[in-house]
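Each chain, written out:
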Amino acid sequence: MASPAQEIKKAVALPKPNPDFYNLVETLPPHELAVVKQVRAFMETKVAPIINKYWVEDAFPFEVLSGFKELNIGGLGIQGYGCAGGSQLLVGLVAMELARFDASIATFQGVHSGLAMGSIALVGSEEQKQKWLPPMARLEKIGCFGLTEPLVGSGTGGGLTTTAKRDGDTWILNGQKRWIGNAPWCDISIIWARDVADNQVKGFIVENKTTPGFSVEKMQNKIALKVVQNGQITMKDCRVPETNRLASGSQSFRDTARVLRGTRYYAGWETTGVQMGAYENALKYAQERMQFGKPIGSFQLIQDLLARMLGNITACQCMVVRTAQLADEGKLTEKQSALAKAFTTAKTRETVSWARELLGGNGILLDYNVARFFADAEALYSYEGTFQMQNLIVGKEITGFSAFV
Ligand SMILES: Cc1cc2nc3c(=O)[nH]c(=O)nc-3n(C[C@H](O)[C@H](O)[C@H](O)COP(=O)(O)OP(=O)(O)OC[C@H]3O[C@@H](n4cnc5c(N)ncnc54)[C@H](O)[C@@H]3O)c2cc1C
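Quick look at the structure, then. (Residues numbered from 1 in each chain as written. Predicted model: local features only at pLDDT ≥ 70, side-chain atom pairs only at ≥ 80, totals over all residues. Heavy atoms only, no water.)

Mapping Gln317 onto the fold places it in helix α10 (residues 300–328). If sequence neighbours within four positions are ignored, Gln317 has contacts with Pro19, Asp20, Leu24, Met96, Thr272 and Met276. (Helix = DSSP H or I, 4+ residues; strand = E, 2+ residues; numbered from the N terminus. Contact = heavy atoms within 4.5 Å.)

Pasting the structure below:
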């Protein structure tokens, strides 16, 4: 016998959840739209069915890595050097699509392709780009980005304690980095350290597995983004050749900030994807869950929650699309990127909590595919610069006063 929900479905074909209400993905040219669709199909069929298990186990799903490589999105947005190329809008929409199914996989891509490869593409020399980008684009070498330290998070601009000391043709690195995504298993780290000679921050490419004195301890007991492996890196007299110092720029923290300008609004795309995933699963649940003899989706207060969620999602999508357009025109500023990161991550916290609420008790069970988004949203709110730091950047721009202390 059919359940009441099935009976209702038979009587009226219910609309399929669509978190892209304004059809933004259709603004892509056909060849880029095909990439997004390929990513979506991969995430839906290969990642979504297994990801909760990995989340519980605090483990990275290496079983999907070969399929991920075949998507050819290593170095998306970077032109040449075997990278996938494409517009910034494509970079964003792919990040959104990844995060719509799992924020950790989107973060893995953001750290490797955006932060690690992006640093080499933006501040590396021609030789460094030729050497490192092609194997990274093929995901034969995976990268991470080491800026944050155990005692220095928001204050990295002025307070890095990791040191770099020149010794002939090599540099000696000493210090620790914390929270570094992919670090426990990846091949290459971009390490930002303070040159003891001129007190300026410089970037270095460090080969994790072959550099004596370089060690990584996996961080335990996270309650968000559990699939991404974060590590605490310790460097004790690590020798890095001068040829591995990011050379074309990388003479001050301004270069680090250039990299972060791009990746912060990438976080805006990721967090928008998180909202979409939570919304879709909440809407499906609302269409099926019966209370008082009716699907809960037919109740006014549930529809109010869903409409609010969709409003948040659509506002965030429009915002990040504009940041991508500005980035494609080479006009995106650090302040614009900061506003997008702060606004979208704050809205995400609202959206995922409404989605969780809509599921009642089942909202706290991983099995219903909302709880993971709910928890992961917290990490996105804080990483790549916290909400407060982004708002201080915006506040300085709009008032003319710096409130940084
Ligand atoms: C899951 C995850 C992944 C990460 N991945 C990486 C990575 O791959 N590489 C990397 O380098 N880092 C990474 N990070 C680090 C991340 O960028 C930092 O956590 C973030 O910048 C905040 O630093 P903190 O955690 O030390 O917080 P703190 O800087 O200690 O801040 C604590 C609180 O104080 C507030 N605060 C600080 N200063 C001010 C101020 N002047 N005015 C007002 N409020 C202030 C902050 O907003 C925050 O609420 C990751 C973090 C997480 C959680």
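Let us look at the packing of aromatic side chains. One pass over the structure, following the stated rule, counts 13 aromatic pairs. Ring geometry for Phe62 versus Trp185: centroids 4.8 Å apart, planes at 85°, classification edge-to-face. One end of the pair, Phe62, is in the loop between α3 (51–57) and α4 (65–70); the other, Trp185, is in the loop between β3 (170–181) and β4 (188–195), and 123 residues separate them in sequence. Under the relative-accessibility criterion, Phe62 is labelled partly exposed at 43%. For Trp185, a relative accessible area of 16% gives the class buried. Here a set of aromatic residues connected by ring pairs shows up, and it is made of Phe42, Phe60, Phe62, Phe68, Phe108 and Trp185. One residue, Lys226, lies across the ring of Trp55, its end atom 5.2 Å from the ring centre. (Phe/Tyr/Trp six-rings, centres within 6.5 Å; stacked < 30°, edge-to-face > 60°. Buried < 20%, exposed > 50% of the residue type's maximum accessible area, 1.4 Å probe, protein only. Lys NZ or Arg CZ within 6 Å of the ring centre and 35° of its normal.)

Moving on, we come to the nonpolar core. Core analysis: the largest hydrophobic core is formed by 117 residues, its most contacted members being Leu173, Trp269 and Leu358. Per-element accounting of this core gives the leading share, 14 residues, to helix α9 (residues 253–288). With near-sequence residues (within four places) excluded, Leu358 lies in contact with Ala282, Tyr285, Ala286, Ile296, Ile302, Leu305, Leu306 and Met309. (Core = buried A, V, L, I, M, F, W, Y, C linked by side-chain atoms within 4.5 Å.)

Here Lys177 shows up in strand β3. Within the structure, the side chain of Lys177 is placed 3.0 Å from the side chain of Glu149, a separation counted as a polar contact. (Polar contact = N/O pair within 3.5 Å; in protein donor to acceptor, adjacent residues only side chain to side chain.)

What the rule picks out here adds up to 19 salt bridges. Two residues, Lys202 and Asp198, come together in a salt bridge whose shortest N-O distance is 2.7 Å. For Lys202, a relative accessible area of 3% puts it in the buried group. A relative accessible area of 37% places Asp198 in the partly exposed class. In the salt-bridge network here, residues are joined through shared partners; they are Arg40, Glu97, Arg100 and Glu280. (Salt bridge = Lys/Arg side-chain N within 4 Å of Asp/Glu carboxyl O.)

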